[in-house]
Every structure is written in structure tokens, then in C-alpha cells.
Amino acid sequence: MERSSRPFGYGNGLRTLSIATVIAIAVTLSLVFFYAPLEAEQGFLQKIFYVHVPLAIVALCGFVLGGLLAIQHLRTRDARWDMRSYVVIHMSLIFAVGTLITGSIWAKGSWGHWWVWSEPTLVSFLIIFLLYATYQPLRFAIEDPERQARYASVFAITAGAFVPLNFIAVRLSTEYLHPRVLGSTSNLPGSMALTFLVSLGSMALLFATLCKYELTAKHTRSQLRALRRRLSGEHADAPRARSAVPAIQHAAAASARAGVRSVP
Amino acid sequence: MFATILAETPALPLHTAGKYVAGAYIVLFAIVLIYVAIMAIRLSRIERDLGELLSLSEHTGTGRPNASPAGGQAGAGTERQGQQPESTLA
């Protein structure tokens, strides 16, 4: 009953999700350091695999998910889908930074170099990262919020389609030096495969939790802005300052307008 | 108990690879920590904005008691609050 009386549900389940994430990460660390055996060739250095590869997979899946959410935005013209797409892509970029840094550390320990330009997997991931690094400047460059949301959605769909194509292209390349991940999971020993899957799950949980935090924070801010405008007597549709963050105050603004009109 | 667990666990070879593994995991936790710090800053900003809005609503509420349905409800609420203090405390 209490839940149904709440007007917005961005924060619903956030506590449960956060607790589940903390537990999952603790279990993952225990499995990585106390359960998974040492790999024969790389030894202890291979432990980076359990953080680097899940980060990369979750980041790439996040980019694709951002494209799917953008499709939903273009279909419905609902600004909330644009906000979800924005937050997912934003979070995927952060995870991609983590992937690049942990990958460089692994490369230094394994190959003796921080970066290897002849490695297709590294370079293709960098290209995807740089492609998505233009997403925020693109949004910021467009002042009109509706046009900004539309163009950003088109970008997210196009770039989201590029991610799996890029992945397949790298797979098809002949000069392949990077250790295979998805294709070789079945070749991993059972304990390593279990640890990897648990690590992947915990990274996905962390991603979902941070996205939910971000969505809740942004929605709260937009509600506060709408409330401030309402209290200060400013019109709800007054132009806002230029920002790369999507405008989702439509619902709040609409309710504010309805409130103003209902005054006798 | 902790010492027993540590004694049972395999020795971790932290000689050469240890610094790289530690670095990779520290990066992950640094990202999460930085994010939590940013969220804490945002939360304090939201708290400050809420305080400003509260003072603004008090200001507009005293000047225009029936300016909006929300204001009217608030006014009704304060009246009820004045009428039924015992039941609320009970």
C-alpha cells in the first residue's frame, strides 16, 4: 500500500540491491583469492582476469543496452528512456576506464608493456571507448533538450550496433594474440569458470546498483528544480541552463502546471 | 579464528605479480570509492537545496496561504495539527 502511494519508484529496492552487491563482491574476492587455483602459465598475475574481463563484458553490454533504451526513447518519446540510456552509457564509460586501466596493468605484468598497438582486442576496445567519449560533448553541444535527446538516441543506437560488429570483427581477425574469453570459458577448469561467472555476476550487480543510484539522484535533483520553480513562481517550462544531462522534469513540470491550473 | 582461516588458506605469491594484481584491484575499488564520494557531495547539495526550498515554502506559505492546492492542504494540515495534538502524540 505504501509502495503504491509513492509517485516515483527510482529508489525502490535500492537498499536490497546495494546489500546484494556488497555480498556478491565479498564472495567474489573470497573465491578469487582463496578458491580459484593458480594458472599454470601466468600464475598469480592471472587473478587480474577476474576483474578485467567482467569489467569489459559489463561495459560492452552496457553500451548495447544504452542503444536498446535509446530505441525505446525514439519509439515512445518518453524522456525517462533517454535518461536511462544516458545513465547506462555514462556508467559503461566509467567501467570502460576501469577496463583500460586494469588491462594495461595486466599487459605490463604479462608482456612488459603498458600498451600494445598490434593487439586487436586492446585497440578495438580503445576505439569503442573513444567513440562513446564523444557522447557527452555531443549532448552538450545541442541546446534544445528535445533535439539533444533525439540526436543522442540516434548516436546511442548507431554506436550500440557498432559494439557487437566490432567484437565479431576482432574475433574474425587472423592475428589473434589476446587470450580468448567467452569462447574459452568452457575450457576453464570448473573452479576457475565458477569464479569467473560469480565475478561477472557481481560486476553486473555493481553496474545495476550504480545506475540505480545515479537515476535516483538525477530524478531527485530534477524534482527539486521543479519544486523550486513552482515555489518561486517561475513557469515550469522556463528554459534551463545548457546541460548534457537529459531533462526529465516533464512529469514534475506537468504536475506543477496541473497544480497551478487547478487553483480556483 | 581469523588466524586459523589464514593458516588454512594457500600462501599467496606476492613477490613479482603481487603489485600488479593489487594495482588492478585497487583501481576497481578506487573507482567505486570516487563514485561514492561524488554521490556524497551530491547528497549534501540536495540537502542544502531542500533546506532552501523549505525556507522558501515557509516564506511563500506565510505570504500566500491559499496560493496552490498544496498550500491549501498544508494549511488544512496545520489546522488539523492544531486541533488534534493529543491524538498525534498518543
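Given the structure is predicted, the values throughout are model-derived calculations rather than measurements.

A. How the structure looks around helix α7 (residues 145-172) of chain A. Residue and element names in this part refer to chain A. The end-to-end C-alpha distance of α7, which contains 28 residues, comes to 40 Å, matching closely the 40 Å that a straight helix rising 1.5 Å per residue would cover. Of all the residues in α7, the buried ones are Pro145, Gln148, Ala149, Ala152, Ser153, Phe155, Ala156, Ala159, Gly160 and Val163. In this structure, the buried side of α7 is in contact with α3 (49-76), α4 (79-111), α5 (120-133) and α6 (135-141).

B. Quick look at unusual backbone geometry. Not every positive phi belongs to a glycine, and Arg77(A) is a case in point at roughly 60°. Mapped onto the elements, Arg77(A) comes out in the loop between α3 and α4.

C. Up close: the nonpolar core. Among the nonpolar cores identified, the biggest contains 58 residues, and Ile48(A), Ala59(A), Phe63(A), Tyr20(B) and Ala24(B) are the most heavily contacted of them. Within the residue set of this core, elements represented by two or more residues are α2 (14-34), α3, α4, α5, α7 and α8 (190-231) of chain A together with α2 (18-63) of chain B. The biggest single contributor to this core is α4(A), with 14 residues.

D. Expanded view of the environment of Ala204(A). All names here are of chain A. Tracing the sequence through the fold places Ala204 in helix α8. What makes Ala204 partly exposed here is the crowd of 17 C-beta atoms within 10 Å. When the C-alpha atoms of Ala204 and Val58 are compared, they prove to be 6.1 Å apart, with 146 residues separating the residues in sequence.

E. Focus on the interface of chain A and chain B. Each side of the interface is counted separately: chain A has 31 residues, and chain B has 26 residues. Only α2, α3, α4, α8 and α9 (250-261) of chain A provide two or more residues apiece to the side of chain A that touches chain B. Ranked by residues supplied to the side of chain A that touches chain B, first place goes to α8(A) with nine residues. The residue inventory of the side of chain A that touches chain B, partitioned by class, reads 18 nonpolar, nine polar and four charged.

Calculation criteria
- Residues numbered from 1 in each chain as written.
- Chains lettered and ligands numbered in written order.
- Predicted model: local features only at pLDDT ≥ 70, side-chain atom pairs only at ≥ 80, totals over all residues.
- Helix = DSSP H or I, 4+ residues; strand = E, 2+ residues; numbered from the N terminus.
- Expected span 1.5 Å × (residues − 1).
- Buried ≥ 20, exposed ≤ 12 C-beta atoms within 10 Å, placed from the backbone.
- Contact = placed C-beta atoms within 7 Å.
- Core = buried A, V, L, I, M, F, W, Y, C linked by C-beta atoms within 7 Å.
- Nonpolar A, V, L, I, M, F, W, Y, C, P; charged D, E, K, R; others polar.

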